[in-house]
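# Summary of structural features
The lines below spell out each chain.
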Amino acid sequence: MTSSKPKPTIVLVHGAWHKPTHYAELVSALRDLGYELHVPALPSMKGDWPPTADLETDTRYLHDYVERLAQDGRQIVILLHSYGGQVGTNALARLCLSVETRTQQSLPASGGAVIHLIYMCALVLLEGRSMMGIFRDNCDEDLVPLFMETADVVRRFWNRESQGRDLSTPVGDQRNMVANMRAAGKEVQVFELDTGQCPHVTWLSEVVDVVDGIIRGL
């Protein structure tokens with residue numbers, strides 16, 4: 001992306017047990033660089049008990065949200081964190097198509113589109129795959145009960161991550177997901193930081209530099 005081009009809009013898709021406010025410093029830093037930021041609140045993370053929304057609900061919500069931005073003519077980069085990767089992969093495939101392809105398929109042919117996906121410690125699943133399948137393939141199923149425990153256990157889980165190891169999406173799982181994308185013929189850039197599941201908290205300036213650098217290179 002050259003300096004003469006307008007900067008794209010960034011939509012940040014948050015992770016499980018997160019709210020948009022948890023990304024306030026990241027959002028502020030990217031806005032300071034001139035980006036328009038949107039952080040839609042996923043319906044499944046609004047704290048309802050018993051739950052009133054799920055992955056399907058989140059998928060529909062995100063698709064509709066981003067589609068409205070695209071119909072307004074925006075060029076959109078999606079920044080996906082943790083569980084947000086699964087939501088975004090589900091929701092945005094059709095919106096990532098070129099204008100010409102969308103026209104051929106009788107889809108909205110406005111100038112707006114999703115032009116790039118950035119996965120930050122996020123789930124990147126090929127069609128037909130699931131989070132449980134990734135954990136099962138890599139013998140990480142023992143982590144799943146930890147996700148489903150009480151809020152107090154979840155808080156201790158996040159605190160452990162600050163020591164520099166991603167316990168939520170282990171690095172081996174992340175590398176396997178990258179390998180699967182490359183095997184499917186996709187070009188993937190990889191950036192690694194020695195941090196846990198929330199690098200936007202522990203390595204804020206580095207994350208901002210990575211995101212800005214990726215977008216400048218489009």
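Conventions used here
Residues numbered from 1 in each chain as written. Predicted model: local features only at pLDDT ≥ 70, side-chain atom pairs only at ≥ 80, totals over all residues. Heavy atoms only, no water. Helix = DSSP H or I, 4+ residues; strand = E, 2+ residues; numbered from the N terminus. Buried < 20%, exposed > 50% of the residue type's maximum accessible area, 1.4 Å probe, protein only. Contact = heavy atoms within 4.5 Å. Areas by Shrake-Rupley, 256 points an atom, 1.4 Å probe, with all protein chains shown as cover. Axes fitted to C-alpha atoms, helices over the stretch in contact; angles between N-to-C directions. Parallel < 35°, antiparallel > 145°, perpendicular 65-115°, else oblique. Left-handed = near helix turned anticlockwise from the far one by under 90°. Pairing = 2+ DSSP bridges. Nonpolar A, V, L, I, M, F, W, Y, C, P; charged D, E, K, R; others polar. Salt bridge = Lys/Arg side-chain N within 4 Å of Asp/Glu carboxyl O.

A few words on the overall build of the protein. Along the protein, the regular secondary structure elements total 10 helices and 4 strands. The burial tally for the protein puts 43% of its 218 residues in the buried class. If you take every contact in the protein between residues at least 6 apart in sequence, the share linking residues at least 24 apart comes to 71%. Total accessible area on the protein is roughly 11,800 Å²; 51% of this is exposed by carbon and sulfur atoms.

Looking now at the environment of Asn180. Along the chain, Asn180 falls in helix 8 (residues 171-183). Between the alpha carbons of Asn180 and Leu125 there is a distance of 8.6 Å; along the sequence they are 55 residues apart.

Cis geometry marks the peptide bond from Trp49 to Pro50, where omega comes out at 0°. Structurally, Pro50 can be placed in the loop between strand 2 (36-38) and helix 2 (55-71). Even without glycine at this site, Trp17 takes up a positive phi of about 60°. For Trp17, the position within the fold is in the loop between strand 1 (9-13) and helix 1 (24-32). Positive phi is not limited to glycine here, since Cys121 has a value of about 50°. Its location among the elements puts Cys121 in the loop between strand 4 (113-120) and helix 5 (131-137).

Before going further, it helps to examine the side chain of His81. Counting through the fold element by element, His81 comes out in strand 3 (residues 75-81). Given the relative accessible area of 0%, His81 is considered buried. When neighbours within four sequence positions are excluded, His81 is seen to be in contact with Val13, His14, Gly15, His18, Tyr23, Met120, Cys121, Ala122, Gln197, Cys198 and His200.

Another point: the packing of helix 1 against helix 10 (residues 204-216). At a minimum axis separation of 10 Å, helix 1 and helix 10 run at an interaxial angle of 45°. One element, helix 1, and the other, helix 10, form an angle in the oblique class. Crossing handedness for the pair helix 1 and helix 10: right-handed. Between helix 1 and helix 10, the contacting residues are Glu25, Leu26, Ala29 and Leu30 on the first element and Leu204, Val207, Val208 and Val211 on the second.

Here we come to the pairing of strand 3. Counting buried positions over the 7 residues of strand 3 gives 6, a clear majority of the element. In the sheet, strand 1 pairs with strand 3 via 5 bridges, with the strands oriented parallel. Across the sheet, Val13 pairs through a bridge with Leu80, a residue of strand 3. Across 7 bridges, the pairing between strand 3 and strand 4 is parallel. The residue bridging Gln75 from the neighbouring strand is Ala113, located in strand 4.

Within the secondary structure, His200 sits in helix 9 (residues 199-202). Overall, the relative accessible area of 3% leaves His200 in the buried class. Not counting residues up to four positions away in its chain, the partners in contact with His200 are His22, Tyr23, Leu26, His81, Met120 and Val207.

The geometry of helix 2 relative to helix 3 (residues 84-92) is characterised by a closest axis approach of 8 Å and an angle of 60° between their N-to-C directions. If you check the angle between helix 2 and helix 3, you find them oblique. The two elements helix 2 and helix 3 meet at a crossing, and its hand is right-handed. Here Leu55, Asp58, Thr59, Leu62, His63 and Val66 of helix 2 lie close against helix 3, whose contacting residues are Gln86, Val87, Gly88, Asn90, Ala91 and Leu92. Per-class residue counts for the contact of helix 2 with helix 3 are 6 nonpolar, 5 polar and 1 charged.

Turning to the pattern of salt bridges, a few remarks are in order. Inspection of the entire model under this criterion finds 5 salt bridges. For Glu56, the salt bridge goes to Arg60, with nearest N and O atoms at 3.2 Å. Placement of the pair is Glu56 and Arg60 together in helix 2, with a separation of 4 residues, close to one helical turn. On the basis of relative accessible area, Glu56 is assigned to the exposed category, the value being 53%.

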